[in-house]
Amino acid sequence: MMSQLERQLTAGTFTVTAEVAPPKGTNVAAVLDLAESLQGVAAVNVTDNQGANMRLSALALAGLLQKNGVEPVLQVTCRDRNRMALQSDLLGAAAFGIRNLLLLSGDHSRFGDHPDAKPVFDLDSVQLLEMTAELMMGRNMAGKALDGTPQFFPGAAVNPVVEPFELMFQKVRKKVESGARFFQTQAVFDREGLTRFMQEMAPLEVPVLVGVLLIRSAKMAHFLNDHIPGVQVPAPVVARLEAAADPLAEGVAIARDVVAWARESCQGVHLMTLGYEDRIPEILAD
Amino acid sequence: MIISERKPLDELQEAVAPYQNFFLIGCGACATVCKSGGEEEVFQMQEWLIEQGKAVTGSMVIDEACHLLRAGRDLRHHKLAVQEADALIVLACGGGVQSISSQTEQRVIGALNSIFLGNVRRFGQYEERCSLCGECILNETAGICPVTTCAKGLLNGPCGGMEDGHCEVDAELECAWHLIYERLKQQKRPGVFARRVPPKAWSKRRKPGRHKL
Ligand code: SF4
Ligand code: SF4
């Protein structure tokens, strides 16, 4: 059976995903409620120790969401687990009925709350995709037959507006060759950059959900630029936030712009609203 | 060579506290070059111990402290001074410390932290270029090691954190994959970009390593 995400993307419907983070502790009630309250969303990403900050296991939260009837996209990074643990977790995810995966390298542990942790990176994101494809063919990485074959809808991430473009894009190609069925992108603020990326993507015929980040203030924009790998808020956008009387409303307007570009050239959007999920209907409104 | 640096003095102070008499051992190879365990540093250690009210029964700098049998032989040459000591202080890499500790029943105190296998840019400036992975990929990567110089050791191109060719982990450093890309482009060959690189065989880097010719 296809996941809702796969069904929508296959049907060519403009598709929306959102994301939630597991709690730093065992209180899952709030995040389960939040996920359930999200409207117009095909699936909800569950982040995996995002920013290298230790939190409840993404697999556990995704399993709970699945049980509650909210379709998850399980994010899996290579930072904290070697190839054996990754394979075990993916089989576990399949046992929970989880289909959608977002397979990532992961942020380096140096910037998180456990800078002394040993970064694993036994696999990279391309190899993680290949391993997933292998599992879906009923074999593990050692070539041994599985007792029960998982079915997944594997996706990958990309920072579409980056230089050198060609260097980034060779990896996109590798990800597609390794079984990526959809992409969710880093936050995008640059229309021309997005257009260029989508032109290159067209022949690959893999759907792209554009990352839309709700920035609530100019201060947050500066923080993103200084501290978050792969996120660059361009100066004109920062200026818009600085000049705004109501920066949050301006952030919503900026997000709406990106959604509009996505409607023109992409297959959907991935919303990162960081606590302002109540603004999602406004961001998506035509 | 093996890059090492002296342990913090408060840690050393704690390590030497229970003892009074020390025999000091330096290394004439890497630790001499990176000025952590040569003649001069052995002498400084001696001065520091005396300041602490301790005594030094003798000292030596072994040609290569990592040479197990030579370390044993040199220890025997200084038998009396070694026996008079309550503990031996070794200013060498972790390998050197273990050459000594495997050749004597006496208490051995390592005075250095070993950091990495380093290339020398100029004196006092070292760079890690190889992490001895057992399966060298340099011929495909235009002589730039992604296993070591990419902060995540990725094998199939840059992560999403690369910004303008710089590394997400340290913006002062160029992204290893950017360097590999530029160099291969200059050499007009696809190199490692021509294929999907499979996961590393870490079994090639067995721990503990053993090698026999
Ligand atoms: S690939 Fe890198 S770490 Fe491995 S042997 Fe070659 S230079 Fe050393
Ligand atoms: S930016 Fe480049 S060097 Fe740094 S971790 Fe990512 S791929 Fe490796």
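Quick caveat, the model's predicted, so the values are computed rather than measured.

So, how was this worked out
- The numbering scheme is per chain: residues are counted from 1 as the chain's sequence reads.
- By the order in which they are written, chains take letters starting at A while ligands take numbers starting at 1.
- Local features in a predicted model are, by the rule used here, given only for residues with pLDDT of at least 70; side-chain atom pairs are given and counted only at 80 or more, and totals for whole chains, interfaces and linings are based on all residues.
- To obtain the side-chain values, all non-hydrogen atoms of the structure were included, while hydrogens and water were left out.
- Secondary structure elements are defined from DSSP: runs of H or I of at least 4 residues count as helices, runs of E of at least 2 residues count as strands, and each element is numbered from the N terminus.
- Note that the radius of gyration is over C-alpha atoms, with the globule rule given as 2.2 Å times the number of residues to the power 0.38.
- The buried label applies to any residue whose accessible area, calculated with a 1.4 Å probe on protein chains only, is under 20% of its type's maximum; exposed applies above 50%, and partly exposed to all values in between.
- By the convention used here, residues are in contact when the closest approach between their heavy atoms is within 4.5 Å.
- Using the Shrake-Rupley algorithm and a 1.4 Å probe, accessible areas are obtained, with residue cover drawn only from the displayed protein chains.
- Asp and Glu count as negative and Lys and Arg as positive, but His and the ends of the chain are not part of the count.
- For charged residues, the charge sits on one atom: NZ in Lys, CZ in Arg, CG in Asp, CD in Glu.
- Paired strands, as defined in this entry, are two strands with at least two bridges between them according to DSSP.
- Between N-to-C directions, angles cover 0 to 180 degrees, with each direction set by a line fitted to C-alpha atoms, over the stretch in contact for helices.
- In plain words, nonpolar cores are sets of buried Ala, Val, Leu, Ile, Met, Phe, Trp, Tyr and Cys residues tied together by side-chain atoms within 4.5 Å.
- Only heavy atoms are used to decide nearness, and a residue is near a molecule or strand if one of them lies within 4 Å of it.
- Lys, Arg, Asp and Glu make up the charged group, whereas Ala, Val, Leu, Ile, Met, Phe, Trp, Tyr, Cys and Pro make up the nonpolar group; the residues left over, Gly among them, are polar.
- Buriedness for pockets is judged along seven lines, at least five of which must meet protein on both sides within 12 Å for an open set on the 1 Å grid over protein atoms alone, while cavities are sets there where a 1.4 Å probe fits but cannot get out, and lining residues have an atom within 4 Å of a point.
- To be counted as sitting in a cavity or pocket, a molecule needs more than half of its atoms within 2 Å of that site's grid points.
- By convention, a crossover is right-handed whenever its connection, traced from the first strand over the helix to the second and viewed with the strands pointing away, goes clockwise.
- Here is the rule for angles: anything less than 35 degrees is roughly parallel, anything more than 145 is roughly antiparallel, 65 through 115 is roughly perpendicular, and the remaining ranges are oblique.
- Domain limits in this description derive from either an automatic procedure or a database domain assignment.
- Here a Phe, Tyr or Trp ring, Trp counted by its six-membered ring, pairs with any other such ring whose centre lies within 6.5 Å, and the pair is stacked when the planes are under 30 degrees apart, edge-to-face when over 60, and tilted otherwise.

**What about the overall build of chain B?**
And then number 1: Of the regular secondary structure elements, chain B holds eight helices and seven strands.
And then number 2: Taken over the C-alpha trace, chain B has a radius of gyration of 22 Å; the compact-globule value for 213 residues is 17 Å, which it surpasses by more than 25%.
And then number 3: Principal axes of the C-alpha set define a box for chain B whose edges measure 65 × 40 × 25 Å.
And then number 4: By residue count, 40% of the 213 residues in chain B fall in the buried class.
And then number 5: When contacts within chain B are restricted to residue pairs at least 6 apart in sequence, those whose partners lie at least 24 apart make up 60%.
And then number 6: When the accessible surface of chain B is totalled, it reaches about 11800 Å², and 51% of it is carbon and sulfur.
And then number 7: The distance from the centre of the 26 positive side-chain charges to the centre of the 26 negative ones in chain B is 11 Å.

**Focus on the sheet that holds strand β5 (residues 107-110) of chain B**
Residue and element names in this part refer to chain B.
And then number 1: The strand order β3-β2-β4-β5 describes an open sheet built from four strands, whose pairing is parallel. Single-partner strands in this sheet number two, and they are β3 (55-62) and β5. Averaged over neighbouring strand pairs, the angle between their axes works out to 20 degrees when direction is ignored.
And then number 2: Strand direction decides the pairing type here: strand β4 (residues 87-91) and β5, joined by four bridges, are parallel. Looking at the pairing, V90 lines up with G110 of β5.

**Considerations on the nonpolar core**
And then number 1: Judged by nonpolar contacts, the single largest core of 89 residues is most densely connected at L74, F183 and F197 of chain A.
And then number 2: Among the elements that take part in this core, helix α10 (residues 247-265) of chain A stands out by supplying seven residues, more than any other.
And then number 3: Grouped together as the second largest cluster of nonpolar side chains are 32 residues, F22, M45, L75 and A87 of chain B included.

**Quick word on the site of ligand 1**
And then number 1: Around ligand 1, the neighbouring residues are C130, S131, L132, C133, C136, I137, L138, C145, V147 and T148 of chain B.
And then number 2: When grouped by side-chain class, the residues that make up the shell around ligand 1 number eight nonpolar, two polar and no charged.

**As for the site of ligand 2**
Residue and element names in this part refer to chain B.
And then number 1: Surveying the vicinity of ligand 2 reveals 13 residues, the closest of which are C150, C159, C167, E168 and C175.
And then number 2: Using a 2 Å cut-off from the grid points, one finds that ligand 2 occupies the largest cavity.
And then number 3: Tallied by class, the residues present in the shell around ligand 2 amount to ten nonpolar, one polar and two charged.

**Some words on the pairing of strand β5 (residues 153-158) of chain A**
Residues and elements named next belong to chain A.
And then number 1: The buried fraction of β5 amounts to five of the six residues, a majority that puts the element mostly inside the structure.
And then number 2: With four bridges connecting them, strand β4 (residues 100-104) and β5 associate as parallel partners. Pairing of L102 across the sheet is with G155, part of β5.
And then number 3: In terms of handedness, the path from β4 via helix α5 (residues 125-136) over to β5 forms a crossover that is right-handed.
And then number 4: With four bridges joining them, β5 and strand β6 (residues 182-187) adopt parallel strand pairing. By the bridge assignment, A157 is partnered in β6 with Q184.
And then number 5: For the handedness criterion, the β-α-β arrangement of β5, helix α6 (residues 165-177) and β6 is classed as right-handed.

**What to know about the packing of α5 of chain A against α6 of chain A**
All names here are of chain A.
And then number 1: With their axes 9 Å apart at the nearest point, α5 and α6 run at an angle of 10 degrees to one another. One finds that α5 runs roughly parallel with respect to α6. Contact with α5, carried on its side by S125, V126 and L129, involves K171, K174 and K175 of α6 and no other residues of that element.
And then number 2: The residue makeup of the contact of α5 with α6, split by class, is two nonpolar, one polar and three charged.

**Quick notes on the domain arrangement of chain B**
And then number 1: In terms of domain boundaries, chain B breaks down into domain 1 (2-116) and domain 2 (131-204).
And then number 2: Each of domain 1 of chain B and domain 2 of chain B was reduced to a C-alpha centroid, and the two centroids are 38 Å apart.

**Considering the sheet that holds strand β7 (residues 125-128) of chain B**
Residue and element names in this part refer to chain B.
And then number 1: Strand order in the open sheet formed by three strands is β1-β6-β7, and the pairing between neighbours is antiparallel. Since the sheet does not close on itself, it has two edges, and those belong to β1 (2-6) and β7, each with one partner. Each strand axis lies, on average, 70 degrees off the axis of its neighbour in the sheet, ignoring direction.
And then number 2: Pairing of strand β6 (residues 112-122) with β7 involves four bridges; the strand directions are antiparallel. Following the sheet pairing, V120 is matched in β7 by Y126.

**Some remarks on the packing of aromatic side chains**
Residues and elements named next belong to chain A.
And then number 1: For the coordinates displayed, the defined rule picks out six aromatic pairs over all chains.
And then number 2: On the numbers, 5.0 Å between centres and 25 degrees between planes, the contact of F153 with F182 is stacked. In this pair, F153 sits in strand β5 while F182 sits in strand β6, placing the two residues 29 residues apart along the sequence. Taken as a pair, F153 and F182 share a single burial class, namely buried.
And then number 3: Centre to centre, the rings of F169 and F197 are 5.9 Å apart; their planes meet at 70 degrees, and the pair counts as edge-to-face.

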